[in-house]
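Structural overview
These are the residues of each chain, in order.
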Amino acid sequence: TGWVKISEYSNEKVMQYDPTTGLANFIEPTAYIKLPCDKFVEIKTKYGVDQKLSLDHRCLVYAYDRSNAFSKFFVESAESIYNKHVKLKNGYRHKINTTFVPIDLPGIALTDEELRVMVMCCADGHIDKKKIILRFKKERKIERCELLLLSAKIDFKKTKREDITSFSIYPPILKKGLHQFWNANLSQLKIISDEVIHWDGNQKDQCFYTSKKLEADFIQYVFSATGYRGVLIKDNRTNEKYDPGYRVFRHKNIKVGINGVPKSEIKIVHESNSFKYCFTVPSSFLVLRRGNNVFITGNCGMCAVKTSMTRISDSELKRIVGEIRKVVPVGFGGHQKIDEDYIKSLMPKSLESNDAWTYWVTEDHYWRSLYQLGTLGSGNHFIEIQKDTDGYIWAMIHSGSRNLGKVV
């Protein structure tokens, strides 16, 4: 339904991203995380990066190479990015992705031709009782309007008075506002991305214009979901009779960087009584926006579960911790036995049938990883029983990829 401030999250679905496929889908997060944090890495550049991250935040970055392809990705903490940026002459060289391909969207009950008509109506239409009236001066728009109405098989009444040509129609939907189309599927989003440029836009500059922030937000999403970087800019007009407008540009350079001349500034900022927010999702990556800049980033590697309890005795706490220790190996330890059939059932069918499966079953790392699934690891990994400021008991876990991650 649109962009929601992460601190104001209230059980909506969020968009997760899979960097191996480029696909994104809406999902109920496994956990919504809010934790005290007083130290952040702040990155804001003229190249389209605007992020404020906890030092341990997992950033998804695409590696620099001499061909400038930026095709290989990896995960790096915000603190590590800061440290590398400080040391390099022109700053951190890897880039951040800003686009995604959405899947599993419900779609809108309109034909492609009707959807194009609705984009036109939202841009230049005027609701008059049960009809929409469209008025044009430009011959280009007059011709396109008639073409779209004929293609959609929508009856229309065409009149001309002086230099104004008017079309009167009964539209597929008697409602204006492009932001009503958040449920559009990918093919419909591509139609919207193309059609808006013909009406409230500029084809030469690949730019969409609107006076409504809701519309700008939606079209930025449309561009980002159809293979472009959507750059949203607020117009600061000096003429008081105009409301501030918004321009959304459709750029082909979809990965943005930090390094440059002069060197971009990355700051460590301290803020008292502050929080860090995140979600846990299966793919471990999220689509986010800050300062009107869309970007893909990692999610938190922790899972927190709130219980209904407000009190727990010391003896009960010791018993629970003892049970956890029985079933969850810690440190370098692993399980004593594995259920290989169950593990294999979790693998994608395509992997079962190709050489990668054969390779891994013959590798020592494969077997070690099976024994380590469902274990805690060491270092900064933990399982804790906690109490929040409202008095509720929580279970919280931070695990990792163990030796398999290191090997990969």
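As a starting point, this report considers the structure included with it. All figures in this text were calculated on a predicted structure; none of them were measured in a lab.

What follows covers the sheet that holds strand E19 (residues 266–270). The three strands lie next to each other as E5-E4-E19, forming an open sheet whose pairing is antiparallel. Looking at which strands have only one partner, the edges of the open sheet turn out to be strand E5 (50–54) and E19. Put simply, the sheet's adjacent strands are angled 25° from each other on average, direction ignored. Bridge analysis of strand E4 (residues 39–44) against E19 gives five bridges, and the strand direction is antiparallel. Residue pairing across strands places Val41 opposite Ile268, the latter belonging to E19. Packed on one face of the sheet, helix H1 (residues 78–87) meets E4, E5 and E19 and runs near 130° to E19.

A few words now on the sheet that holds strand E10 (residues 125–128). As summarised here, the arrangement of the four strands in space is E10-E11-E13-E12, forming an open sheet in which the pairing is antiparallel. Single-partner strands in this sheet number two, and they are E10 and strand E12 (156–161). Strand-to-strand, the axes of this sheet are offset by a mean angle of 25°, without reference to chain direction. Where strand E11 (residues 131–136) meets strand E13 (residues 164–169), five bridges bridge the pair, whose relative direction is antiparallel. Counterpart to Ile132 in the pairing with E13 is Ile169.

Of the strand pairs in this sheet, strand E14 (residues 201–202) and strand E15 (residues 207–210) are connected by two bridges, and their pairing is antiparallel. Bridge pairing in E15 places Gly201 opposite Phe208. Connecting E14 to the next strand, E15, in antiparallel fashion are four residues, including Gln206 with a positive phi near 50°.

Definitions and limits used
Residues numbered from 1 in each chain as written. Predicted model: local features only at pLDDT ≥ 70, side-chain atom pairs only at ≥ 80, totals over all residues. Heavy atoms only, no water. Pairing = 2+ DSSP bridges. Helix = DSSP H or I, 4+ residues; strand = E, 2+ residues; numbered from the N terminus. Axes fitted to C-alpha atoms, helices over the stretch in contact; angles between N-to-C directions. Contact = heavy atoms within 4.5 Å.

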